[in-house]
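# Structural overview for review
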Amino acid sequence: MNQPPANRPDTPCVAICSTLFDEVCRGCGRTVAEVANWVFMSQEEKDAVWERITREGYPRR
């Protein structure tokens, strides 16, 4: 089983949630579906999200 990088938190959440109003969260960069399904996603799926949001400048801590 793949493990995330040691210095990376399990979730990109930064407690600046805007998914009630935006399709993409302004804090972490995940879509509404990604936020809702995060706990059910495989490590590979999470890694793909992390790669995309990091490339786009998220999470905004």
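Refer to the structure printed above.
Conventions we followed
Residues numbered from 1 in each chain as written. Predicted model: local features only at pLDDT ≥ 70, side-chain atom pairs only at ≥ 80, totals over all residues. Heavy atoms only, no water. Helix = DSSP H or I, 4+ residues; strand = E, 2+ residues; numbered from the N terminus. Expected span 1.5 Å × (residues − 1). Buried < 20%, exposed > 50% of the residue type's maximum accessible area, 1.4 Å probe, protein only. Arc of directions from axis to C-beta. Contact = heavy atoms within 4.5 Å. Polar contact = N/O pair within 3.5 Å; in protein donor to acceptor, adjacent residues only side chain to side chain.

## Thoughts on helix α2 (residues 43-55)
- Here α2 is 13 residues long and its end C-alpha atoms lie 18 Å apart, about the 18 Å a rise of 1.5 Å per residue gives.
- Among the residues making up α2, those that are buried are Gln43, Lys46, Asp47, Val49, Trp50 and Ile53. Buried positions in α2, seen along its axis, are confined to an arc of 165° and lie on one side of it. Exposed residues pointing more than 90 degrees away from the buried face of α2 are listed as Glu51 and Arg55.
- Of the surrounding secondary structure, the elements contacted by the buried residues of α2 are α1 (32-37).
- Following α2 by one or two positions, Gly57 adopts a phi angle in the positive range, close to 90°.

## Concerning the side chain of Asp47
- Within the secondary structure, Asp47 sits in helix α2.
- Asp47 gets classed as buried once you look at its relative accessible area, which sits at 17%.
- Within polar-contact distance, the side chain of Asp47 engages the side chain of Arg8 at 2.6 Å.

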